[in-house]
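The chain contents come next:
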Amino acid sequence: MAKILDMPKLSPTMEEGQLATWHKKEGDTIGIDDLLAEVETDKATMEFRSFDKGTLLKILAPAGSSVVLGQPVAILGSPGEDTSKLEEEARARAGKGAAPAKTDGGAKAEAQGQAQGQAQAQGQAQAHAQAQAQAQGQVVAKEVEPPIVAESVGAGGRVKASPYVRKLAREQGFDLRRVRGSGPHGRIVSRDLEGAPKGAVGVAAGPPARRPTAPGELAQPQSVPLSMMRKTIARRLTESKQTVPHFYLTVDLDAEALVELRERVNADLAALTEKGAGKDEKPEKVSLNDLLVKACAICLRRVPQTNAQFTPDAILYHQRVDISVAVAVDDGLVTPIVRDADRKSVREISAEVRDLAARARSKKLKPEEMMNGTFSISNLGMYGIDEFAAVINPPEGAILAIGQARREPVVRGDQVVPGWKIACTLSCDHRVVDGAVGATFLRELRSLVEHPTRILL
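Residues numbered from 1 in each chain as written. Predicted model: local features only at pLDDT ≥ 70, side-chain atom pairs only at ≥ 80, totals over all residues. Heavy atoms only, no water.

## Considerations on the sheet that holds strand E7 (residues 66-68)
At step 1: If you walk across this open sheet you meet the 4 strands as E5-E4-E2-E7, and the pairing is antiparallel. Edge positions in the sheet fall to strand E5 (45-49) and E7, since each of these pairs with one other strand and no more. Across the sheet, the mean angle from the axis of one strand to that of its neighbour is 40°, orientation sign disregarded.
At step 2: When strand E2 (residues 16-22) meets strand E4 (residues 35-40), the two strands line up antiparallel, connected through 4 bridges. When the sheet's bridge partners are listed, Gln-18 is paired in E4 with Glu-40. (Pairing = 2+ DSSP bridges. Helix = DSSP H or I, 4+ residues; strand = E, 2+ residues; numbered from the N terminus. Axes fitted to C-alpha atoms, helices over the stretch in contact; angles between N-to-C directions.)

## Considering the sheet that holds strand E3 (residues 29-30)
At step 1: Read across the sheet, 4 strands follow the order E1-E8-E6-E3 without closing on themselves; strand pairing throughout is antiparallel. In this open sheet, the two strands that pair with only one neighbour each are strand E1 (3-6) and E3.
At step 2: Across 4 bridges, strand E6 (residues 54-59) lies against strand E8 (residues 72-77) in antiparallel orientation. Note on E8: the bridge partner recorded for Ile-59 is Ala-74.

## Here we look at the confidence of the model for the chain
At step 1: Scored by pLDDT, the chain has a mean of 81; 77% of the residues are at 70 or more.
At step 2: A low-confidence stretch, residues 98-145 stays under pLDDT 50, and its non-local contacts, those more than four residues away or across chains, total 50 contacts.
At step 3: Within the model, pLDDT remains below 50 along residues 198-207, and this stretch shows 22 contacts once partners closer than five positions in the same chain are excluded. (pLDDT = per-residue confidence, 0-100. Contact = heavy atoms within 4.5 Å.)

## Quick notes on the packing of helix H7 (residues 288-302) against helix H8 (residues 346-361)
At step 1: Contact geometry for H7 and H8: axes closest at 9 Å, N-to-C directions at 120°. When the axes of H7 and H8 are compared, the crossing they make is right-handed. Here Asp-290, Leu-291, Val-293 and Lys-294 of H7 come into contact with H8, specifically with Val-346, Ile-349, Ser-350 and Val-353.
At step 2: Within the contact of H7 with H8, the residues separate by chemical class into 5 nonpolar, 1 polar and 2 charged. (Left-handed = near helix turned anticlockwise from the far one by under 90°. Nonpolar A, V, L, I, M, F, W, Y, C, P; charged D, E, K, R; others polar.)

## What about the packing of aromatic side chains?
At step 1: Overall, the coordinates contain 1 aromatic pair when judged by the stated rule.
At step 2: Judged by centre distance (5.4 Å) and plane angle (40°), the ring pair of Phe-375 and Phe-441 falls under tilted. Note that Phe-375 is positioned in strand E16 (residues 375-379) and Phe-441 in helix H9 (residues 435-450), a separation of 66 residues in sequence. (Phe/Tyr/Trp six-rings, centres within 6.5 Å; stacked < 30°, edge-to-face > 60°.)

## Observations concerning unusual backbone geometry
At step 1: Look at the link from Pro-394 to Pro-395: it is a cis peptide, with omega at 10°.
At step 2: One non-glycine residue, Lys-363, lies in positive phi territory at about 60°.
At step 3: Structurally, Lys-363 can be placed in the loop between H8 and E16.

## A closer look at the pairing of strand E19 (residues 415-429)
At step 1: As defined by bridge partners, strand E9 (residues 246-254) adjoins E19 across 9 bridges and the pair is classed as antiparallel. If you follow Leu-249 over to E19, its bridge partner there is Leu-426.
At step 2: In terms of strand pairing, strand E17 (residues 398-402) meets E19 through 5 bridges, oriented antiparallel. Each bridged residue has a counterpart across the sheet, and for Ile-402 the counterpart in E19 is Cys-424.
At step 3: Note: strand E18 (residues 406-412) against E19, 7 bridges, orientation antiparallel. Within E19, the position partnered with Val-410 by the bridge is Val-417.
At step 4: Remark: 2 residues form the turn of the hairpin made by E18 and E19, two consecutive strands paired antiparallel; Gly-413 in that turn has positive phi of roughly 65°.

## A look at the nonpolar core
At step 1: Within the largest apolar cluster, 80 residues are counted, with the highest numbers of intra-cluster contacts made by Leu-19, Trp-22, Val-73, Ile-323, Phe-375, Leu-400 and Leu-445.
At step 2: When residues no more than four places from it in sequence are discounted, the contact partners of Leu-445 are Leu-253, Ala-295, Cys-296, Cys-299 and Leu-400. (Core = buried A, V, L, I, M, F, W, Y, C linked by side-chain atoms within 4.5 Å. Buried < 20%, exposed > 50% of the residue type's maximum accessible area, 1.4 Å probe, protein only.)

## Some points on the environment of Leu-35
At step 1: Assignment of secondary structure puts Leu-35 in strand E4.
At step 2: Assessed through its relative accessible area of 18%, Leu-35 is described here as buried.
At step 3: As for Leu-35 and Phe-48, which are separated by 13 residues in sequence, their C-alpha atoms are 6.1 Å apart.
At step 4: Each residue touching Leu-35, except ones within four places of it in the same chain, is listed here: His-23, Lys-24, Glu-47, Phe-48 and Arg-49.

Shown next, in the form of structure tokens:
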């Protein structure tokens, strides 16, 4: 008997998802636990697998569409079954909670309409530019390669496509900037690669095309739809600034000894690698951030009042030290967690942070790897930032913002000599962390940074 498949909750914080691509097509036989589709959630690209077996009779939500939890996305049943009543039911349910999902035929019709409109607009823009050039006595060169499709390129030159489509494009040699997307707002979906022109292959990417404007005309802004991740960031950070009373404490740490320790540790790791595995293997390295993550973990044990969160009925003092490390990704920011950081060595923390960051950028993190941290660290030193204040990641009670290691003169005894400084700002939830508690945490951090061998003990 045919049944409707609804969009499942693929992560604890998921409220809606975007169908990046379908791995099955209508008429395919489906088994239990078969991969049906990939769904972009607020944190990662998740696998949507089947809990039943049968034949995929109808896809109700095409690739590229945004779907809320519980919204019908497909119909599963036996070959030849009539799905008209279920399709009517799916449309009715979608109408109550969200915009009805377009059928595959509707999506194709809309895509064709978009393509025709885009082609017409592009032709008008080219004619306008040609007329301007002729009026000025210039010659407009005929294009010898497919133009960049502005509708499929977002702000900053980022192509509107899922990680899966990007992977397909890399494997097949497509330049996605020159492929016209048929998804919402010009988003490129997998079917767009099948009919892409030959000129879309192997062409170097360039900046997004701009429509020529007449003298005195204002260029219109480019509208980029919010991704699932950006929507979540906007909601959570707005909630944080509106409901959490932030206050900030800043210290400028003498990092001379910390920088020297890092250099010695990396030199020893390089020597061990060369001795044990040969010169061809890339030597293991630790960063200043790895040392500071370990230092913060020690401080959270020494000052447990900063390892806490506020609830309406009580303050929760955590018995674990799980540090969320902010990682910048294409769509925004994620915070994978180093569990039990106080119990791990600097080498273990370094390897774990590298692995978490790599999987965060490829959207391969599991939801549980980004939830239930007790304290956060955000480091913008690699971007040349000297000092900043970070927004607390609720429900955590504090976050440490770390600037770059700066080479500048310092006073040692009666002399001014070259030294290293690092500015750190602790953002505190004043409902949980008082000024004296935050100051005590930073005092302990200063002690460890200025005597960094204690971090390794």
